[in-house]
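Close look at the chain arrangement
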Amino acid sequence: MGFSAGILGTGACLPEKVMTNFDLEKLVDTSNEWIVERTGIRERRIADPETATSDMCLKAARAALKDAGVKAEELDLIIVATATPDYMFPSTACIVQDKLGAAHAGAFDLAAGCSGFVYGFSVASQMIASGLYQKVLVIGAETLSRIMDWTDRNTCVLFGDGAGAAVVGRVEDGYGVLALELGSKGSGAMELYQPAGGSRRPATHETVDGHGHFIHMNGKEVYKFAARIMPATCKRVLAKAGLTIGDVDMLFPHQANQRIIDNAVKHLKIDPAKVWVNIDKYGNTSAACIPICLTEAQREGRLHKGDNVLVVAFGTGLTWGSMLLKWAK
Ligand code: ACO
């Protein structure tokens, strides 16, 4: 019998501290009403000062390994998708590899913003489909609160912290990944970026004073891009698999803005009951969004073996990624 690559187990970690829109009203000139109406977000989780991205990765990873019935020593590779690593180097994946005791795993970080989990899964699934590796851990994790400008109402209301993980491995032929697409539009690189701290503008007193180490975003441009790309990439990936939207049992869209999700639902003509939404509780957790959603849906019994699962994300880069899986668990 042949094999394919699919998800063997999922796990998530969300910090306990809840920050509501009412808490934000005390920080910037905003209102619960504006945030709910324009974004759908009601609250988000914020990591405590001692917690870094690798700490949340570890918790999500342990939960995913347990769910998959896989031991850390069995892992061949660990991929951490993040824009908020513990350090510029070494990779957060190496810190996770050590703490997890994944003695036989390679490890690297992947930078594709909110599309990071889909990018990471695509690498993992190809490593497995080629026969090179058997078990790969893919984590999406962010401590975005550390790079948030808490004086900028245009961005600080949108994001939250968290981590999600999936163990990717061999599944029965016909299950797992059916089709996927990765895309990029680097001409939009400056629409969503962290201006300072890299080789172009290393840290100086000036960059710190000028808020250069925080998220800078042209919300309108990112919105337009997302509204266009999400339905388009979903349609292409469905066509590649020879399926239609009617065949999809569950859609997991990136959780950036409820209006962006609604727009995709309208253009795809999918039943909203089949669309996973948790933006109200967690805001945009970037690369962590998709694996957190998958974990929630699985734990709530909303995913069944044989379901056609469509996943779509977009993010800084600009990047996008979509994939269609036949759920194998
Ligand atoms: N509270 C109150 N008013 C606000 C706030 C706020 N938090 N933020 C902006 N406003 C104001 C603006 O200043 C503006 O006021 P003005 O007309 O006096 O200038 C007004 O509200 C309207 O602003 P818009 O930018 O037009 O608001 P819009 O409806 O476009 O919503 C938003 C802004 C939510 C940022 C939207 O554009 C969006 O969601 N964009 C996509 C962002 C996104 O997806 N980012 C994540 C990408 S993925 C990744 O890799 C992280």
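One structure accompanies this document, and this report is about it. (Residues numbered from 1 in each chain as written. Predicted model: local features only at pLDDT ≥ 70, side-chain atom pairs only at ≥ 80, totals over all residues. Heavy atoms only, no water.)

1. Looking at empty space enclosed by the protein
Taken as a whole and assessed by the stated rule, the structure comprises 1 cavity of 30 Å³ or more. One number sums up the size of the largest cavity: a volume of about 30 Å³. Residue lining of the largest cavity: Gly6, Ile7, Gly176, Leu325, Lys326, Trp327 and Ala328, and that is the complete set. Of all the secondary-structure elements, those providing two or more residues to the lining of the largest cavity are β1 (3-13) and β13 (319-326). Of the residues belonging to the lining of the largest cavity, the class tally is 4 nonpolar, 2 polar and 1 charged. (1 Å grid on protein atoms, 1.4 Å probe; cavity = no way out; pocket = protein on both sides within 12 Å on 5 of 7 lines; lining within 4 Å. Points joined across faces, edges and corners; volume = space filled by probe spheres on them. Helix = DSSP H or I, 4+ residues; strand = E, 2+ residues; numbered from the N terminus. Nonpolar A, V, L, I, M, F, W, Y, C, P; charged D, E, K, R; others polar.)

2. Focus on the sheet that holds strand β5 (residues 106-110)
Taken together, 5 strands build an open sheet; the order of strands is β1-β7-β6-β4-β5 and the sheet is mixed. Two strands bound the open sheet, and with one partner strand each, they are β1 and β5. Each strand axis lies, on average, 20° off the axis of its neighbour in the sheet, ignoring direction. Across the sheet, helix α5 (residues 116-129) lies against β1, β4 (77-81), β5, β6 (135-142) and β7 (162-172), angled at about 140° from β1, the strand it touches most. (Pairing = 2+ DSSP bridges. Axes fitted to C-alpha atoms, helices over the stretch in contact; angles between N-to-C directions. Contact = heavy atoms within 4.5 Å.)

3. Comments concerning the site of the ligand
Taken together, 26 residues form the shell around the ligand, and within it Thr30, Arg38, Cys114, Lys220 and Asn257 come nearest. Measuring from an oxygen atom of the ligand, one finds a side-chain N or O atom of Arg38 at 2.6 Å. Backbone polar atom of Cys114 to an oxygen atom of the ligand: 3.4 Å apart, as the coordinates give it. The cavity that encloses the ligand is the second largest pocket. Residue assignment for the shell around the ligand shows that the elements contributing at least two residues are α2 (32-39), α6 (153-156), α8 (219-241), α9 (258-268) and β12 (308-315). Among the elements that line the shell around the ligand, the one with the most residues is α8, at 4 residues. Here the residues of the shell around the ligand sort into 12 nonpolar, 9 polar and 5 charged. (Near = heavy atom within 4 Å. Polar contact = N/O pair within 3.5 Å; in protein donor to acceptor, adjacent residues only side chain to side chain. Sits in = over half its atoms within 2 Å of the grid points.)

4. Regarding the sheet that holds strand β11 (residues 250-253)
Neighbouring strands of a sheet are bound in pairs by backbone hydrogen bonds; such pairs are parallel or else antiparallel. One open sheet holds the 4 strands; their spatial order is β8-β13-β12-β11, and the pairing between them is mixed. Each edge of the sheet is formed by a strand with only one pairing partner; in this case those strands are β8 (176-184) and β11. With strand direction ignored, the average angle separating the axes of adjacent strands in the sheet is 10°. Strand direction decides the pairing type here: β8 and β13, joined by 8 bridges, are antiparallel. The residue bridging Gly176 from the neighbouring strand is Lys326, located in β13.

5. Observations regarding the packing of aromatic side chains
Here a ring pair, both rings aromatic, is described through the centre-centre distance and the interplanar angle of the planes. Scanning the entire structure with this criterion turns up 2 aromatic pairs. For the ring pair Phe225 and Trp320, a centre distance of 6.1 Å and an interplane angle of 55° mean the geometry is tilted. Taken together, the residues Phe225 in helix α8 and Trp320 in strand β13 connect sequence positions 95 residues apart. A relative accessible area of 5% means that Phe225 is categorised as buried. Taking NZ or CZ as reference, Lys305 lies 5.0 Å from the ring centre of Tyr175, over its face. (Phe/Tyr/Trp six-rings, centres within 6.5 Å; stacked < 30°, edge-to-face > 60°. Buried < 20%, exposed > 50% of the residue type's maximum accessible area, 1.4 Å probe, protein only. Lys NZ or Arg CZ within 6 Å of the ring centre and 35° of its normal.)

6. Considering the nonpolar core
Ranked by internal contacts, the top residues of the largest apolar core, which has 42 residues, are Ile215, Ile245, Leu251, Ile270, Leu310 and Phe314. Of all the secondary-structure elements, those providing two or more residues to this core are α8, α9, β12 and β13. Sort the elements by how many residues they give to this core and α8 lands first, with 8 residues. Not counting residues within four places of it along the chain, the set of residues in contact with Ile215 comprises Leu144, Ile147, Met148, Thr155, Phe159, Leu192 and Tyr193. One finds Ile7, Phe121, Ile128 and Val177 within the second-largest nonpolar core, a separate group that totals 31 residues. (Core = buried A, V, L, I, M, F, W, Y, C linked by side-chain atoms within 4.5 Å.)

7. Thoughts on α2
Asn32, Ile35 and Thr39 are the residues of α2 that are buried. Viewed along the axis of α2, the buried residues span an arc of 80°, placing them on a single side of the element. Opposite its buried face, α2 presents the exposed residues Glu33 and Glu37, each directed more than 90 degrees away. Structurally, α2 contributes buried residues whose contacts are with α1 (21-25), β3 (43-45), α9 and α10 (279-282). Downstream of α2 by a residue or two, Gly40 has a phi angle that is positive, lying close to 85°. (Arc of directions from axis to C-beta.)

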